[in-house]
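A look at the structure
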Amino acid sequence: MTILFLALTLMLSIISTASAAVYQQGVVSVIYETEGETAYQNPVDLNKNGVPDVVEDIATQINATRELFHDVFSYPDPLDSARYKNVHAIEVDIDSKKNMKVSGLAYNGVRNKSRHDPKVRALHVKIANTVDPRKNATPEHEYFHLIQYGATYFTNKWYLEGMARWSQDAVSKNKKYPDGRNVSWTLKNKLSETQIFQGKYNVAGILWYPLAVNLKDKAKVPKALRNKYKYVDGSDVFHDNIVYGANVMLEVLQTMKSKEEFAGEQFGGVKQWRRKGQRAAQNNKIILDCVREVYEKHSAKK
Ligand SMILES: [Zn+2]
């Protein structure tokens, strides 16, 4: 099954790279078709460099996210992580929305022979050819998944998607922040616990945003970074200078990392857990307990 899948993937990638173009910006390579169904339809090229502006803008949004989260907020870089040793690139494949059904996907496996350079190993995401980074935080969202994969092996949906949705605030302004008053109730209440565990993107609104606001965690986007990152048309990647919750989320990720051995106990060890238990139902309570731990630590200080 695996071998068949590999052979098929290899064949498909050879076929599809035949007419594909590569745009490279730092460690990010965007691979896109110039014609056919998976290409961007009628792309604008304001700077007339032969690369569709959307393609450049995707790379720009990802590099801006990398610099903000790694260099400013000190999130671990997946390219420096123990999990992804000797992986040095990020690849973005552009595919048709029709094929994908969703706007973006992020893979936790490594591409051993990357498409832009078979000697380089890469992490990879896929973005639909309908995504415009100026209006849409999908590249940021998918890249944040790579940050999550590098930080911890836990992949329960409510955590993975809820926190990635929260992170989008870095590049697309959330105008409706909750007041955060419900957090202590949410963390104690059985009913909201069930709602969280069954949730996905909506957990950003139930838990992650309120947590950030409640703990008064305001992280600053430096002016130099705001000036540095612009889309091809000159518009801003960062819409304002505040990201709520960047420090708290990092602490949650670090606490989760420290609980992997514990999560592995029921699987006969952390190695087996990393292979088979990343999304186990038992993780739900462990992850939420990490949130409780971080919350209690900070509320005790107040
Ligand atoms: Zn996602």
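In short, a report on the structure. (Residues numbered from 1 in each chain as written. Predicted model: local features only at pLDDT ≥ 70, side-chain atom pairs only at ≥ 80, totals over all residues. Heavy atoms only, no water.)

Time to look at the overall build of the protein. When helices and strands are tallied, the protein shows 13 helices and 7 strands. For 302 residues, the compact-globule estimate of 2.2 N^0.38 gives 19 Å, and the C-alpha radius of gyration of the protein, at 20 Å, lies within 12% of that figure. The dimensions of the protein, computed from C-alpha atoms along their principal axes, are 55 × 45 × 30 Å. The buried share among the 302 residues of the protein stands at 52%. In the protein, the proportion of contacts linking residues at least 24 apart, taken out of those at least 6 apart, comes to 71%. Charged side chains of the protein number 43 positive and 33 negative; the gap between the two group centres comes to 5 Å. (Helix = DSSP H or I, 4+ residues; strand = E, 2+ residues; numbered from the N terminus. Rg over C-alpha atoms; globule rule 2.2 N^0.38 Å. Buried < 20%, exposed > 50% of the residue type's maximum accessible area, 1.4 Å probe, protein only. Contact = heavy atoms within 4.5 Å. Lys, Arg positive; Asp, Glu negative; His and termini not counted. Charge placed at Lys NZ, Arg CZ, Asp CG, Glu CD.)

Around the zinc ion, the protein supplies His141 (NE2), His145 (NE2), Glu161 (OE) and Glu161 (OE) as donor atoms, at distances of 2.0 to 2.7 Å. When the donor residues of the zinc ion are listed from N- to C-terminus, their spacing reads H-x3-H-x15-E. In this pair, His141 and His145 are both assigned in helix 4 (residues 138-151), 4 residues apart and thus about one turn of the helix distant. Neither His141 nor His145 differs from the other in exposure class; each is buried. (Donors = N, O, S within 2.8 Å, 3.2 Å for Na, K, Ca; no water.)

What follows concerns the pairing of strand 2 (residues 28-33). Counting buried residues in strand 2 gives 6 out of 6 residues, a clear majority hidden from the surface. Both strand 1 (residues 20-25) and strand 2 contribute to a ladder of 6 bridges, which runs antiparallel. The residue bridging Gln25 from the neighbouring strand is Val28, located in strand 2. Where strand 1 hands over to strand 2, the hairpin turn is made up of 2 residues, of which Gly26 adopts a positive phi near 65 degrees. Judged from the 4 bridges that link them, strand 2 and strand 3 (residues 89-95) form a sheet pairing that is parallel. Within strand 3, the residue paired with Ser29 across the bridge is Glu91. Between the parallel pair strand 2 and strand 3, the chain is carried across by helix 2 (residues 53-72), and the sense of this crossover is left-handed. (Pairing = 2+ DSSP bridges. Right-handed = clockwise from strand over helix to strand, strands pointing away.)

Among the 7 residues in strand 3, 7 count as buried, and that is most of the element. Here strand 3 shows a buried face lined by Ala89, Glu91, Asp93 and Asp95 and a second buried face lined by Ile90, Val92 and Ile94. As defined by bridge partners, strand 3 adjoins strand 5 (residues 122-128) across 7 bridges and the pair is classed as parallel. Along strand 5, the bridge assignment pairs Ala89 with Ala122.

Turning to the environment of Gly50, a few remarks are in order. Residue position: Gly50 is located in the loop between strand 2 and helix 2. Taking the relative accessible area as the measure of exposure, Gly50 reaches 60% and is therefore exposed. Linking Gly50 and Arg121, residues 71 residues apart in sequence, is a C-alpha distance of 27 Å. Non-local contacts of Gly50, meaning those with residues more than four positions away in its chain, are made with Tyr32 and Asp45.

Moving on, we get to helix 12 (residues 270-277). For helix 12, the complete set of buried residues consists of Val270, Trp273 and Gly277. Buried positions in helix 12, seen along its axis, are confined to an arc of 70 degrees and lie on one side of it. Those residues of helix 12 that are exposed and angled more than 90 degrees off the buried face are Lys271, Arg275 and Lys276. (Arc of directions from axis to C-beta.)

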